[in-house]
Amino acid sequence: GFSNSPPVEAKDGTEMSEVEKRMQAIIVPEVEFRQANIWDIIDFMDKVVQELGTGLDARDESRIRIKGDMSIQPVELKHGLPQNHAPCLTFSGRNMPLLTLVRLTTQLSLLKYEVQGNVVTITRPARKEGKQGIRSRIQSAGP
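A short tour of the structure in this document, coming up. (Residues numbered from 1 in each chain as written. Predicted model: local features only at pLDDT ≥ 70, side-chain atom pairs only at ≥ 80, totals over all residues. Heavy atoms only, no water.)

### A word on the overall build of the protein
Moving on, step 1. Counting its secondary structure elements, the protein contains four helices and seven strands.
Moving on, step 2. For the protein, the α and β elements follow one another from N to C terminus as α-β-α-β-β-β-β-α-β-β-α.
Moving on, step 3. Scored against the burial criterion, the 143 residues of the protein give a buried share of 32%.
Moving on, step 4. For the protein, the proportion of contacts with a sequence separation of at least 24, taken over those separated by at least 6, is 62%.
Moving on, step 5. Summed over all atoms, the accessible surface of the protein reaches about 9,700 Å², with 53% contributed by carbon and sulfur. (Helix = DSSP H or I, 4+ residues; strand = E, 2+ residues; numbered from the N terminus. Buried < 20%, exposed > 50% of the residue type's maximum accessible area, 1.4 Å probe, protein only. Contact = heavy atoms within 4.5 Å. Areas by Shrake-Rupley, 256 points an atom, 1.4 Å probe, with all protein chains shown as cover.)

Set out below in structure tokens:
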């Protein structure tokens, strides 16, 4: 649905999506994570929507879903050590909007979130091209 209310801006000056506005309205009474795995936090946030969401958020077909992208999974190296392991976080808060919790979680874990429809996906940021990638593009664009 669309509303006639004025747009709410995010801290970076961009307009918040409808899903972000709905997440802002869901207040989490208390959060306390001690070395919590990012997957457990994502699961917790998804359950918060089910338990605390009202109206649109409580109905299954239009409920906000919070999920993790497979890019967060650890990659096993030849030596058996995980590379890019899923982060564990420690933080606490009270009466925190769900949107703030999502943003805090992604900032602390160096991840990002994307909103598509009613789905909020937590994922790794795209890697920046190194010098090698730029050099090969310049060579291929040659005269």
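Now, onward.
### Quick look at the pairing of strand E6 (residues 112-116)
Moving on, step 1. Across five bridges, the pairing between E6 and strand E7 (residues 119-123) is antiparallel. Note that in E7 the partner of Lys 112 across the bridge is Thr 123.
Moving on, step 2. Taking the residues that link successive antiparallel strands as the turn, the E6-E7 hairpin has two residues, and the phi of Gly 117 there is positive, at about 65°. (Pairing = 2+ DSSP bridges.)

### A closer look at the environment of Gly 53
Moving on, step 1. Topologically, Gly 53 is positioned in the loop between helix H2 (38-52) and strand E2 (65-68).
Moving on, step 2. Each C-alpha atom, one on Gly 53 and one on Met 23, is 8.6 Å from the other, the two residues being 30 residues apart in sequence.

### What about the pattern of salt bridges?
Moving on, step 1. The final tally for this structure, using the stated rule, is six salt bridges.
Moving on, step 2. Where Arg 103 meets Glu 20, a salt bridge forms, and the shortest distance between an N and an O atom there is 3.8 Å. Placement of Arg 103 in helix H3 (residues 98-108) and of Glu 20 in helix H1 (residues 18-25) is noted, with a sequence separation of 83 residues between them.
Moving on, step 3. In this structure, Asp 46 engages Arg 63 in a salt bridge whose closest nitrogen and oxygen atoms are separated by 3.2 Å. Residue Asp 46 is located in helix H2, and its partner Arg 63 is located in the loop between H2 and E2; the two are separated by 17 residues in the primary sequence. (Salt bridge = Lys/Arg side-chain N within 4 Å of Asp/Glu carboxyl O.)

### Looking at the side chain of Thr 123
Moving on, step 1. Mapping Thr 123 onto the fold places it in strand E7.
Moving on, step 2. A distance of 3.1 Å separates polar atoms of two side chains, one belonging to Thr 123 and the other to Ser 71.
Moving on, step 3. Setting aside residues up to four positions removed in sequence, Thr 123 forms contacts with Asp 69, Ser 71, Ile 72, Leu 111, Lys 112 and Glu 114. (Polar contact = N/O pair within 3.5 Å; in protein donor to acceptor, adjacent residues only side chain to side chain.)

### Details of the packing of aromatic side chains
Moving on, step 1. What the rule picks out here adds up to two aromatic pairs.
Moving on, step 2. When the centroid spacing of 5.4 Å and the interplanar angle of 90° are considered together, the rings of Phe 33 and Phe 44 count as edge-to-face. Pair noted here: Phe 33 is in strand E1 (residues 27-37) and Phe 44 is in helix H2, with a separation of 11 residues, a long-range link.
Moving on, step 3. Look at Phe 33 and Phe 91: their rings are 5.3 Å apart centre to centre, the planes differ by 70°, and that puts the pair in the edge-to-face class. A residue pair is termed long-range when its members are at least 10 positions apart, and Phe 33 in strand E1 and Phe 91 in strand E5 (residues 88-97) qualify at 58 residues.
Moving on, step 4. Of the aromatic side chains, those joined through ring pairs into one cluster are Phe 33, Phe 44 and Phe 91. (Phe/Tyr/Trp six-rings, centres within 6.5 Å; stacked < 30°, edge-to-face > 60°.)

Any link to function would need more than the numbers given here.
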